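Results of the structural survey
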Amino acid sequence: MEMPLLSLLIFTPALGALLIAAVPGTAVATLRRLSIGVSLIPFALALEAWRLFDASSGEFQLVESFGWIPRFGTSYLIGIDGISLLIILLTVFLTPLVLLSSGDTVHHRTKGYLISMLLLETTMLGTLMALDTLLFYVFWELMLVPMYLIIGIWGGERRIYASIKFILFTMVGSLPMLVAIVYMGVAQAESGGHMSFALTDLYGLHLSPVAQGLCFFAFFLAFAVKVPMWPLHTWLPDAHVEAPTGGSVILAGVLLKMGTYGFVRFVMPLFPEVLPVAMPWVGGLAVVGIIYGALVAMVQPDMKKLVAYSSVSHLGFVMLGLACMNTIGVEGAVYQMLNHGLSTGALFLLVGMIYERRHTRMIAHFGGLWKPMPVYAACFLIVMLSSVGLPGLNGFVGEFLILLGAFKYSIVLTALAATGVVLGALYMLWMYQRVMFGPITHEENAELADMSPRELAVMVPIIVLIFVMGVYPKPFLKTMEASVEATLVRSGVTVEATHPAPVRHGKARSDGHAPAIAVAADSGLDACDEPTPACSLAKVADGAASPETRRMHQ
């Protein structure tokens, strides 16, 4: 029997939380070390999953399945593709760093905080791996509970208001999705003879145009709230500002990506007939979010709120890339999910570090910090330039691919979105100038201590990865490429060949499995005269094959 790698990856943090629960709450140092050690196990397991992953295939891999509630057609079905794998790696990378940083930011009820963080990691990983829609919904809703506690217990002065607003927005937005999931499961029973909530079965489900439109809206609403897209974003600034530093990092780094990931995994491939009508509206809302988030961020007096509104703008770029419905745009969107998780997560960590020293986040209360805190200022500079999209850093690659894909989709939307890049540079550079340069106008700032070894241990891995992803994005793009193409094909998009060799993707089969039709490359059918399976299948797809060949490949 093979090792259930993905199940171990999901539930190891939860088992670690149980172990921490058994340790006396007074042993704070032991609890912190134990939590960090536990969180490193999923990181190692995720690296092993990446090693075993076949990047040339767009199918779900390392799949685990057994009956959960067979009577109702739901099962424990988990697996990964190149898209989910990268976000999983981001999750297990950030969690140990957040737990390490908690030594400077969480000073009461430490045991409960560490348990909540580990349980949150389990629910996030389960959400990313679930291939049964009901199982996905269970993890999706359970994910809210630890974050609600993190904001409500360890947050700021208005933490109760922010936590209740967070959970109400996300729960109410998700309820229509549950109704749509149940409807689709029943529809699958009526069309296929058995009820199933497995994603691979629902990919082949045929719904009426009205039903597909309503289900699309239900899923889209749940994910648009989570992203959050304008105008459903109002819960985000309150949640970010009131959450403790670690909560803000995980919220920005991973939880917001659940909305964009859900759009890729569910909305696009499940409702292909609705996409041509809906995508222009999605792209328009994304561009509004880009510009609105940047303009509102520009006038914020609070550094943390500025970074929060910058998330609205940056995630607008992600949604624009997805709305393009082409390989370049979607790959850029997935890459930008990772970039945003790193750069914005790091910005929240840096803001948290200065807050612990000065107990204020107001930009006007700083100035001239480069002199007493040169290492901090240098780290902040790198992360800020990453967020702006400076060439050579990770943010540039994602934004460039998104704008390139958007240009093929709509020149008008591309031009409007490009203004968001300019505005993003404006508010970030202006904030940095006011905080780091100029004379020291407040005496408290003159004696501030520079970054501690613990803080450097948190920031250095992120900065290294920022440079790696900016200079050498190939491993990440290669991991997602086949999965992005397969997703687009399931979404009814004709994928352009991106390799000189045939691309092994085609229309999704009615049985819900990943595409297996080999399509000839850009050279066209005229050059495809060899008696190979790839050429014959290409001619079948194009209608140019002989009747005998077509019957052979039916």
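Everything here concerns the structure above.
Okay, so let's go over this structure. (Residues numbered from 1 in each chain as written. Predicted model: local features only at pLDDT ≥ 70, side-chain atom pairs only at ≥ 80, totals over all residues. Heavy atoms only, no water.)

**Let's talk about the overall build of the protein**
When you go through the protein residue by residue, the secondary structure sums to 22 helices and 2 strands. Taking all contacts inside the protein whose residues are at least 6 apart in sequence as the whole, residues at least 24 apart take part in 76%. By element, 68% of the accessible surface of the protein is carried by carbon and sulfur atoms, the whole surface being about 21400 Å². (Helix = DSSP H or I, 4+ residues; strand = E, 2+ residues; numbered from the N terminus. Contact = heavy atoms within 4.5 Å. Areas by Shrake-Rupley, 256 points an atom, 1.4 Å probe, with all protein chains shown as cover.)

**A word on the pattern of salt bridges**
The tally for this structure, following the rule as stated, stands at 6 salt bridges. A salt bridge links R51 to E48, with the nearest nitrogen and oxygen atoms 2.7 Å apart. Of the two residues, R51 and E48 both sit in helix α2 (residues 28-52), 3 residues apart, roughly one turn of that helix. Given the relative accessible area of 59%, R51 is considered exposed. The class for E48 is partly exposed, based on a relative accessible area of 27%. Between D238 and K165 there is a salt bridge whose closest N-O contact spans 2.9 Å. Within this pair, whereas D238 is found in helix α10 (residues 235-242), its partner K165 is found in helix α7 (residues 159-192), the two being separated by 73 residues in sequence. (Salt bridge = Lys/Arg side-chain N within 4 Å of Asp/Glu carboxyl O. Buried < 20%, exposed > 50% of the residue type's maximum accessible area, 1.4 Å probe, protein only.)

**Examining the side chain of S39**
Locating S39 in the fold gives a position in helix α2. Classification of S39 as buried rests on a relative accessible area of 0%. A polar contact is formed between the side chain of S39 and the backbone oxygen of I36, at a distance of 2.7 Å. Here S39 is in contact with T95, P96, L99, L118 and E121, once residues within four sequence places are set aside. (Polar contact = N/O pair within 3.5 Å; in protein donor to acceptor, adjacent residues only side chain to side chain.)

**Looking at the packing of α10 against helix α13 (residues 303-323)**
One can describe the packing of α10 onto α13 by two numbers: an axis separation of 9 Å at closest approach and a directional angle of 140°. As far as their axial angle goes, α13 and α10 are oblique. Like other packed secondary-structure pairs, α10 and α13 cross with a definite hand, here right-handed. Contacts from L236, P237, H240 and V241 of α10 reach α13 at K304, K305, A308, Y309, S311 and V312. Of the residues in the contact of α10 with α13, the class split is 6 nonpolar, 2 polar and 2 charged. (Axes fitted to C-alpha atoms, helices over the stretch in contact; angles between N-to-C directions. Parallel < 35°, antiparallel > 145°, perpendicular 65-115°, else oblique. Left-handed = near helix turned anticlockwise from the far one by under 90°. Nonpolar A, V, L, I, M, F, W, Y, C, P; charged D, E, K, R; others polar.)

**So, the packing of aromatic side chains**
A full pass over the atoms with the stated rule returns 21 aromatic pairs. Ring geometry for F136 and W140: centres 5.5 Å apart, planes at 35°, overall tilted. Pair noted here: F136 and W140 are both in helix α5 (residues 133-142), with a separation of 4 residues, about one helical turn. The structure contains a cluster of three or more aromatic residues connected by ring pairs, namely F136, W140, F216, F219, F220, F223, F263, F266 and F271. A cation sits over an aromatic face here: R361 above Y355, 5.1 Å from the ring centre. Stacked on the ring of W430, the Lys or Arg R434 has its end atom at 3.8 Å from the ring centre. (Phe/Tyr/Trp six-rings, centres within 6.5 Å; stacked < 30°, edge-to-face > 60°. Lys NZ or Arg CZ within 6 Å of the ring centre and 35° of its normal.)

**Description of a nonpolar patch on the surface**
Residues V145, Y148, L149, I160, I164 and L168 make up a contiguous nonpolar surface patch of roughly 490 Å² in combined accessible area. Elements that contribute at least two residues to the nonpolar patch include exactly α6 (144-154) and α7. With respect to the helices, strands and loops of the structure, L168 is situated in helix α7. (Patch = residues over 30% accessible without salt bridge, like charges linked within 9 Å, V, L, I, M, F, W, Y side chains within 5 Å.)

**Looking at the packing of helix α15 (residues 374-388) against helix α19 (residues 453-471)**
Taken N-terminus to C-terminus, the directions of α15 and α19 make an angle of 35°; their axes are 11 Å apart at the nearest point. Note on packing geometry: the crossing formed by α15 with α19 is left-handed. Counting all contacts with α15, which are made through V375, C379, I382, V383 and S386, the residues of α19 involved are L456, M459, I463, I466 and F467. Its residues assigned to classes, the contact of α15 with α19 shows 9 nonpolar, 1 polar and no charged.

Without other data, these values stay purely geometric and don't point to any function.
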